[in-house]
Amino acid sequence: MWSPIKIWDSSSSTDGKEGSAAAQVIAVRVISLAAALFWGVLFFGITDLLVVPDQDERFYEHYLLETGWGLLYTMLVMLPLVFLAVQPSWQVFPQQLTAVALAVLLCGLFTPAAGQVFVAFLLAITVTVPSVLAERPLWPIRGLSVRGANPWLSTLVLLAAAAAVVYAVQMIEAANAGRPDDNTWGLMHLPMQAALGLALAGSAAISVLAGASGASGWKLSVLPSSVSAVWLGAVSVAYPTHLGSLGRSGGIAAIVWGLAFAAITLSSPRSRRAPAR
């Protein structure tokens, strides 16, 4: 007897959906890693970050500005992209990149620096493409919460935000006053240095809000801002009179802030259960 021909098989449909989901994950990982390499390597994030450890005397007068560029595009951009490639479902890292893009945009507009505005646009694309592929909501505050935020971490974020605004104003004033500056790809460093503090504070704020909602990966997300604060503080202490330096007192304060932010985070329990995915 002839067996009936199956026109549609539910198992094949399920397999197709699983294959499509797996392809999306691979695409997000590949694009995130490619973007990380672009910002960290081609955009001289790692190169500039290593200027001071390498003691490259060609950039001696701009040691803090080189450090700032390196921290911005290595720690605050490249590192979250690497984490996103490892775990595409963690929304906190695209949210941090959105905060960085906004900081770069604002300082580009207020300086003004047209090239920096374009860089902010590229950063926005860097966030948007993986989010679209992962079918993640583009609304950047989704999954964040103020309620239940750790009060100690919140205080540290507010202090960082206030200091970042003052620092940004100082760097923009220096840029508009014509202070000697370095450039990368035709982009001046002082406006980017202005964005560094705001990006650091914004990244830290996202970590705290994500922690309040129990979002996956929120503790790991404090690494970019904590390391950036400690690194910037250490270079400032070593070169207190350089343009862009926080000075010795400010440098020590930045180091203490970074260590405290990391320590409090690691000792903090998750205030809510992470949403199921």
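Every chain is numbered independently, its residues counted from 1 as its sequence is written. The model is predicted, so local features are restricted to residues of pLDDT at least 70 and side-chain atom pairs to those at 80 or more, both for listing and for counting; the totals for chains, interfaces and linings are taken over all residues. Side-chain descriptors were evaluated using all non-hydrogen atoms of the structure, hydrogens and water having been removed beforehand.

Draft legend 1. Local environment of the packing of helix α6 (residues 151-176) against helix α7 (residues 189-212). For every element, the axis is a line fit to its C-alpha atoms; helices are fit only across the contacting stretch, and the angle between N-to-C directions ranges from 0 to 180 degrees. For helices the rule is a DSSP run of H or I covering at least 4 residues; for strands it is a run of E covering at least 2, with both sets numbered from the N terminus onward. One way to put it is that α6 packs onto α7 with a least axis distance of 7 Å and a crossing angle of 170 degrees. With respect to their mutual orientation, α6 and α7 come out roughly antiparallel. When the axes of α6 and α7 are compared, the crossing they make is left-handed. Note on terminology: angles under 35 degrees are roughly parallel, angles over 145 are roughly antiparallel, angles of 65 to 115 are roughly perpendicular, and the others are oblique. Note on convention: near helix rotated counterclockwise from far helix by under a right angle means a left-handed crossing. Clockwise means right-handed.

Draft legend 2. Quick look at helix α9 (residues 247-266). To estimate how far a helix should extend, the number of its residues minus one is multiplied by 1.5 Å. With 20 residues, α9 should cover 28 Å at 1.5 Å per step; its first-to-last C-alpha distance of 28 Å lies within 8% of that length. Should any heavy atoms of two residues lie within 4.5 Å, those residues are counted as being in contact. In the core, the buried residues of α9 are packed alongside α6, α7 and α8 (222-238).

Draft legend 3. How the structure looks around the pattern of salt bridges. In the sections that follow, a salt bridge refers to a side-chain nitrogen of Lys or Arg positioned within 4 Å of a carboxyl oxygen of Asp or Glu. The final tally for this structure, using the stated rule, is 1 salt bridge. Across the pair Asp-56 and Arg-58 runs a salt bridge whose closest N-O atoms are separated by 2.7 Å.

Draft legend 4. How the structure looks around the packing of aromatic side chains. In summary, the pairing rule links any two rings of Phe, Tyr or Trp, Trp by its six-membered ring, whose centres are within 6.5 Å, and it sorts them by plane angle into stacked for under 30 degrees, edge-to-face for over 60 and tilted for everything else. Using the criterion set out here, one finds 16 aromatic pairs in the structure. Cluster of aromatic residues (ring-pair linked, three or more members): Phe-38, Trp-39, Phe-43, Trp-69, Tyr-73 and Trp-185.

Draft legend 5. Main features of the confidence of the model for the chain. Confidence along the chain averages 90 in pLDDT terms, with 88% of residues attaining 70 or more. The predictor attaches a confidence to each residue, called pLDDT, with possible values from 0 through 100. In the predicted structure, residues 1-13 sits below a pLDDT of 50 and forms 1 contact with residues beyond four places in sequence or in another chain. Confidence drops under pLDDT 50 across residues 272-277; counting only partners more than four residues distant or on other chains, this segment forms 13 contacts.

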